[in-house]
Amino acid sequence: MDNLRTTFNPATLALMVSMTIAATGQGFAQSAKQSPGVDQFGVERIEAGDQLRMLTQQISASACLVDAGIEVDAHKAAIKEGIADFDAILAAMRDGDTAYGIQTPETNRKMLAAIRGLSLQWDLLKVSAEQRVNGDASGEVVDYLSRQNINTMHAAKYLVTETVNTYAVPPALLQNDAFTLYILVRQRTLAQQIAKELCGLTSGNVAMGTEARLRNSTRLFDVSLGALLNGFPSAGVAPPETDDSRRSIEEISVEWSDISGQLIGVAQKGDMQAATGLIQRLDQLLTPLDQLVATYAAESRSGI
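Analysis parameters
Residues numbered from 1 in each chain as written. Predicted model: local features only at pLDDT ≥ 70, side-chain atom pairs only at ≥ 80, totals over all residues. Heavy atoms only, no water. Helix = DSSP H or I, 4+ residues; strand = E, 2+ residues; numbered from the N terminus. Buried < 20%, exposed > 50% of the residue type's maximum accessible area, 1.4 Å probe, protein only. Contact = heavy atoms within 4.5 Å. Areas by Shrake-Rupley, 256 points an atom, 1.4 Å probe, with all protein chains shown as cover. Expected span 1.5 Å × (residues − 1). Polar contact = N/O pair within 3.5 Å; in protein donor to acceptor, adjacent residues only side chain to side chain. Disulfide = S-S within 2.5 Å. Core = buried A, V, L, I, M, F, W, Y, C linked by side-chain atoms within 4.5 Å. Phe/Tyr/Trp six-rings, centres within 6.5 Å; stacked < 30°, edge-to-face > 60°. Salt bridge = Lys/Arg side-chain N within 4 Å of Asp/Glu carboxyl O.

A.B. asks: What exactly am I supposed to notice about the overall build of the chain here?
C.D. replies: Looking only at helices and strands, the chain has ten helices and zero strands in total. Secondary structure elements of the chain occur, N-terminal to C-terminal, as α-α-α-α-α-α-α-α-α-α. Of all 304 residues assigned to the chain, the portion counted as buried reaches 51%. At a minimum sequence separation of 6, the contacts of the chain that also span at least 24 residues come to 78%. In the form shown here, the chain has an accessible surface area of approximately 12,700 Å², with 53% of it arising from carbon and sulfur atoms.

A.B. asks: Explanation requested: helix H10 (residues 272-299) in the structure shown.
C.D. replies: Think of an α-helix as 3.6 residues a turn; residues three or four steps apart then line up on the same face. Taking 1.5 Å of rise per residue, 28 residues should cover 40 Å, and H10 covers 41 Å from first to last C-alpha, within 8% of that figure. In this structure Asp271 caps H10, since a side-chain oxygen of it lies 3.3 Å from the backbone nitrogen of Gln273.

A.B. asks: I would appreciate a short explanation of the state of the cysteines in the present structure.
C.D. replies: One covalent bond between the sulfur atoms of two cysteine residues makes up a disulfide. Within this structure, the stated rule accounts for one disulfide. Between the sulfur atoms of Cys64 and its disulfide mate Cys199 the distance is 2.2 Å. Every disulfide takes its handedness from the sign of the S-S torsion; for Cys64 and Cys199 that torsion is -95°, giving left-handed. Highlighted residues: Cys64 in helix H2 (residues 42-67) and Cys199 in helix H6 (residues 175-203), separated in sequence by 135 residues.

A.B. asks: Please explain the nonpolar core as it appears in this structure.
C.D. replies: Nonpolar side chains tend toward joint burial in soluble globular proteins. Ranked by internal contacts, the top residues of the largest apolar core, which has 79 residues, are Met93 and Trp256. Sort the elements by how many residues they give to this core and H6 lands first, with 13 residues.

A.B. asks: Explanation requested: the environment of Leu214 in the structure shown.
C.D. replies: Along the chain, the position of Leu214 falls in helix H7 (residues 211-230). Along the backbone, Leu214 and Ala195 are 19 residues apart, and their C-alpha atoms lie at a distance of 9.0 Å.

A.B. asks: What is the right way to look at the packing of aromatic side chains in this model?
C.D. replies: When we look at a pair of aromatic rings, we describe it by the centre distance and by the angle of the planes. Applying the stated rule across the entire model yields three aromatic pairs. Look at Phe86 and Trp122: their rings are 3.9 Å apart centre to centre, the planes differ by 20°, and that puts the pair in the stacked class. Residue Phe86 is located in helix H3 (residues 72-95), and its partner Trp122 is located in helix H4 (residues 109-133); the two are separated by 36 residues in the primary sequence. Summarising the burial analysis for this pair, Phe86 and Trp122 share the class buried. Relative to Trp256, the ring of Phe221 has its centre 4.1 Å away and its plane inclined at 40°; by these criteria the two rings are tilted. Here Phe221, found in helix H7, pairs with Trp256, found in helix H8 (residues 243-260); they are 35 residues apart in sequence, far enough to count as distant. As far as the burial class goes, Phe221 and Trp256 line up, both buried.

A.B. asks: I keep staring at the pattern of salt bridges and nothing clicks. Help me out?
C.D. replies: When their charged atoms lie close together, side chains carrying opposite charge are able to pair. All told, the structure shown has 13 salt bridges when counted by the stated rule. Measuring nitrogen to oxygen at the nearest pair gives 3.0 Å for the salt bridge that ties Arg94 to Asp95. Here Glu211 and Arg215 are joined by a salt bridge, their closest N and O atoms 3.1 Å apart. Within this pair, Glu211 and its partner Arg215 are both found in helix H7, separated by four residues, close to a single helical turn. One salt-bridge network, in which partners are shared between bridges, spans Glu47, Asp50, Arg53, Arg188 and Asp290.

This is the structure we're talking about:
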């Protein structure tokens, strides 16, 4: 079986991190130029923005499973729930919502533009996702959602990047803490992206997933997890601050190692039953990742 587990390589991480920063346009260093009067809830905004990025992939993974005839009713319900969550979180990013820890409406011009850009992409994906829930599985609908989810994910990524640029302002949120949190929350998106790509590759939907894309997503998850566990200060990734955080990452790493070692072999065999089992395990990784995000968010507060 083809094992995708990658040895942690600082040079590889440095390259990936530099590519990540380059993709932000002006980069996270821009945040140092922002006004110190920015509000104190940047952590919550970063976390909410990444929930949107993750949902683009979670909804698409569920749609792929519907197409494959796997627990259709349950995955249609998951799509419906994901749509409701996306709408609520996007509104919170724009208007504020104490339920998400976002105390005030957004006023920053660049942030509002990023929110509008994501909203435009989401409106298109939402229509296709709702069609899937309502039973329209025509080739055109399937193909559109399979492709549009990437555009929406990139728009959400831009929003998260802009959020870091805007809100990583000492003393409210140190830049290294913001970047470490950025890498951590991205793991949730990657877990769902890998699930979507595994389903696509196994079921023959090449718009949802190819072997090359699955390998790249898996490698990025793997290297980023290694950075979170060991730290990579020169790239702005801090090591765990507490023994509990380290143990949590180690436990995630053990489970991830077993999952990642099976991905390509299962997909190449076209074993949809085995793929579904791995997708369920990827879903289960979200619980410890969510707990870890909450821990890092608390630790990122200035003075901790």
